[in-house]
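For reference, the chains in residue letters:
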Amino acid sequence: MDYANPHALVETDWIVENLKTPDVRIIDATYFLPGAKRDAKAEFAAEHIPGAVFFDIDDICDSGSDLPHMLPDAETFSAKVGALGVADTDKIVVYDTNGGGMAAARVWWTFRVFGHDDICLLNGAMKTWLAEGRPVTDKAPAPQPAAYAAVKNDAMVRDIDQMLANVESGNEQVIDARAKERFEGAAPEPREGARSGHIPGSLNLPFDQFFDKDRNFVMRDAEELTQAIAAAGLDLDRPITASCGSGVTASMLAFGFYLIGKKDVAVYDGSWSEWGMRPDTPIENTRIET
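Residues numbered from 1 in each chain as written. Predicted model: local features only at pLDDT ≥ 70, side-chain atom pairs only at ≥ 80, totals over all residues. Heavy atoms only, no water.

### What about the sheet that holds strand E5 (residues 119-122)?
Here is step 1 of the chain: With respect to topology, 5 strands assemble into an open sheet ordered E1-E5-E4-E2-E3, the strand pairing being parallel. The open sheet has two free edges, formed respectively by strand E1 (9-10) and strand E3 (53-54), since each of these has just one partner strand.
Here is step 2 of the chain: Bridging between E1 and E5 involves 2 bridges; their strand directions are parallel. Bridging from a neighbouring strand, Val-10 pairs with Leu-122 of E5. (Pairing = 2+ DSSP bridges. Helix = DSSP H or I, 4+ residues; strand = E, 2+ residues; numbered from the N terminus.)

This is how it looks when you write it as structure tokens:
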């Protein structure tokens, strides 16, 4: 069983062959949770794929929101991406150095929200690149500003009001990418003050189930992805919205669905950093009180 959209995933060989292709842009999307005590920018400066630029999801975002890395408006996105030397006609390859591509998937989804479909992920991310002894550099990028004109596709994004309405209607299936223990409310949330549990009626599919962990977090094949989705209780013929902690790992679910042909999976941008922090949102959990 082959991927329906294999163009969304490239191997290391492809990047090596296209490192100097004029209209190919490589983006490092590495992101760490605050508690990780790691500096993604510093790690990029020390080591990255030659020619790559750094996409900071906490900078290319809605700076007026108190929620983490919420999507910016189209004007802000266009200006910041253009400053990275990325044009709206370029082919983009995204990778990250942690989690097998979860942050890269967030950037992949973000570009697609703003109308850029010629974008793909590096299969296995930086883990595979390094394991194969591929070239890296500490040379600082010096991108030439490029023209970028973004148009936002709101159909790919869900907000709090839409999610609250869906709790009542059940029109869309909601799939949560967080770990099982967090989904069930059995483990505390990493963000201080967040309640535990999940959106009522939602299902759980931890994002790492899309990876073959024995092979440096490369994506599982199409049949295995389809089986994992079916095991989670999802109907591919119905609308699906992905959620997670802050809209990052949910994007990996959207990417996996895209690979097997379901292109219209939306992401709840605020995710649990919004839902779990508000006192007026309903929550379910399966935690056993003692």
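### A word on the environment of Lys-91
Here is step 1 of the chain: Within the secondary structure layout, Lys-91 lies in strand E4 (residues 91-95).
Here is step 2 of the chain: Spatially, the C-alpha atoms of Lys-91 and Asn-204 are 33 Å apart, while their sequence positions differ by 113 residues.
Here is step 3 of the chain: Not counting residues within four places of it along the chain, the set of residues in contact with Lys-91 comprises His-7, Trp-14, Asp-23, Val-24, Arg-25, Asp-118 and Cys-120.
Here is step 4 of the chain: Here the side chain of Lys-91 touches Asp-118 through a polar contact of 3.2 Å, side chain to side chain. (Contact = heavy atoms within 4.5 Å. Polar contact = N/O pair within 3.5 Å; in protein donor to acceptor, adjacent residues only side chain to side chain.)

### A word on the packing of aromatic side chains
Here is step 1 of the chain: Taken as a whole, this structure holds 11 aromatic pairs when the rule is applied.
Here is step 2 of the chain: Taken together, the ring pairs in this structure connect Phe-55, Phe-77, Phe-111, Phe-114 and Tyr-148 into an aromatic cluster.
Here is step 3 of the chain: Of note, Arg-178 hangs over the ring of Trp-272, and the distance from its end group to the ring centre comes to 4.4 Å. (Phe/Tyr/Trp six-rings, centres within 6.5 Å; stacked < 30°, edge-to-face > 60°. Lys NZ or Arg CZ within 6 Å of the ring centre and 35° of its normal.)

### Details of the pattern of salt bridges
Here is step 1 of the chain: Counted according to the given criterion, the structure contains 18 salt bridges.
Here is step 2 of the chain: A salt bridge links Arg-106 to Asp-269, with the nearest nitrogen and oxygen atoms 2.9 Å apart. With Arg-106 in helix H4 (residues 102-113) and Asp-269 in the loop between strand E12 (266-268) and helix H10 (271-275), this pair connects stretches of sequence that are 163 residues apart. Taken as a pair, Arg-106 and Asp-269 share a single burial class, namely buried.
Here is step 3 of the chain: A cluster of three or more residues bridged by salt bridges with shared partners is formed by Asp-176, Arg-178, Arg-182 and Glu-189. (Salt bridge = Lys/Arg side-chain N within 4 Å of Asp/Glu carboxyl O. Buried < 20%, exposed > 50% of the residue type's maximum accessible area, 1.4 Å probe, protein only.)

### Concerning the pairing of strand E2 (residues 24-28)
Here is step 1 of the chain: Counting buried residues in E2 gives 4 out of 5 residues, a clear majority hidden from the surface.
Here is step 2 of the chain: In the sheet, E2 pairs with E4 via 5 bridges, with the strands oriented parallel. By the bridge assignment, Arg-25 is partnered in E4 with Ile-92.
Here is step 3 of the chain: With 2 bridges connecting them, E2 and E3 associate as parallel partners. Each residue of the ladder has a partner; that of Asp-28, found in E3, is Phe-54.

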